[in-house]
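# Reading the structure
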Amino acid sequence: MTLENNNIIERESQLTKSLYIVATPIGNLKDITLRALEVLKSVDAILCEDTRTSAKLLDAYTINKPKISYHEHNESEMLKKIVRMIKDEGKKLALISDAGMPLISDPGFRLVKECYKEGIGVTCIPGASATVTALALSALPSDKFMFSGFLPNKSSARKKALAEVKEIKATIIFYETANRLQASLADILDILGDRNISIARELTKK
């Protein structure tokens, strides 16, 4: 590691009362940055969407830090506790999701908002993104795009959501589960019409 990199990590390691948003791989465990690894090794604990999933990545890089469960079902009750750990106890915490950039179709923005409200520093460590990776591979226009997250489960709500973006002049990106894909494609054809699309999965292989 170069001196420059060491200086960066040294400065980050000296920070206190901080939250680090750290992007993780979306498939291949090697798709993680050196900076992300150093930060994960330097924090006091790691907030995980699923501690079992995160353990696979952390174990692969011998990162032995306490893992704290933080997800959509316990977000409300965990907010104050996490803020207290950072602000009152001076902890440095990292936030990771199961894959990719935290907050993108995952909880976290309320935590970031609360940190700013309490004067807590927040740093983002960039990395893998399924949205941008899929866009780059799609051969669809990439100069302007809109990310719309997951489509609703029910067809009626899904069609309403699709109608809201019908007139947008940009490449539109949705997340969808494999078991709902066929139904969603039918609704997309029905509402958005016959247009060029790209379907992507397993964007980086293990």
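Please refer to the structure higher up on the page.
Calculation notes
- Residues numbered from 1 in each chain as written.
- Predicted model: local features only at pLDDT ≥ 70, side-chain atom pairs only at ≥ 80, totals over all residues.
- Heavy atoms only, no water.
- Axes fitted to C-alpha atoms, helices over the stretch in contact; angles between N-to-C directions.
- Helix = DSSP H or I, 4+ residues; strand = E, 2+ residues; numbered from the N terminus.
- Parallel < 35°, antiparallel > 145°, perpendicular 65-115°, else oblique.
- Left-handed = near helix turned anticlockwise from the far one by under 90°.
- Contact = heavy atoms within 4.5 Å.
- 1 Å grid on protein atoms, 1.4 Å probe; cavity = no way out; pocket = protein on both sides within 12 Å on 5 of 7 lines; lining within 4 Å.
- Points joined across faces, edges and corners; volume = space filled by probe spheres on them.
- Nonpolar A, V, L, I, M, F, W, Y, C, P; charged D, E, K, R; others polar.
- Buried < 20%, exposed > 50% of the residue type's maximum accessible area, 1.4 Å probe, protein only.
- Polar contact = N/O pair within 3.5 Å; in protein donor to acceptor, adjacent residues only side chain to side chain.
- Pairing = 2+ DSSP bridges.

Our focus in this paragraph is the packing of helix 7 (residues 155-164) against helix 8 (residues 181-192). Axis separation between helix 7 and helix 8 bottoms out at 9 Å; the angle between their running directions is 45°. Judged by the angle between their axes, helix 7 and helix 8 are oblique. As for the relative orientation of helix 7 and helix 8, their crossing is right-handed in sense. Within the contact between the two elements, helix 7 uses Ser155, Arg158, Lys159, Leu162 and Ala163 and helix 8 uses Ala183, Ser184, Asp187, Ile188, Asp190, Ile191 and Leu192.

This part takes up the layout of surface pockets. Considering only enclosed or pocket space, the second largest pocket measures out at about 180 Å³ in volume. By residue class, the composition of the lining of the second largest pocket is one nonpolar, two polar and six charged.

Moving on, we get to helix 3 (residues 51-60). Taken as a whole, helix 3 has its buried residues at Ser54, Ala55, Leu57 and Leu58. Residues of helix 3 that are buried make contact with helix 2 (34-42), strand 2 (45-48), strand 3 (67-69) and strand 4 (92-96). The opening residue of helix 3 is aspartate 50, an N-cap whose side-chain oxygen sits 2.9 Å from the backbone nitrogen of arginine 52. Immediately downstream of helix 3, the backbone of threonine 62 shows phi near 50°, a positive value.

Turning to the sheet that holds strand 5 (residues 121-125), a few remarks are in order. In space, the five strands of this open sheet follow the order 3-2-4-1-5, with parallel pairing throughout. The open sheet has two edge strands, strand 3 and strand 5, and neither has a second partner. Here the strands of the sheet are splayed against their neighbours by 25° on average, with no regard to which way each runs. The pairing of strand 1 (residues 18-22) with strand 5 spans five bridges and is parallel. Among the inter-strand pairings, isoleucine 21 is bridged to a residue of strand 5, identified as cysteine 124.

Taking burial as the measure, the five residues of strand 4 include five buried ones, the bulk of the element. Alignment of strand 1 against strand 4, held across four bridges, turns out to be parallel. Bridge pairing in strand 4 links leucine 19 to leucine 93. Here four bridges tie strand 2 to strand 4, and the two strands are oriented parallel to one another. Bridge pairing in strand 4 links cysteine 48 to isoleucine 96.

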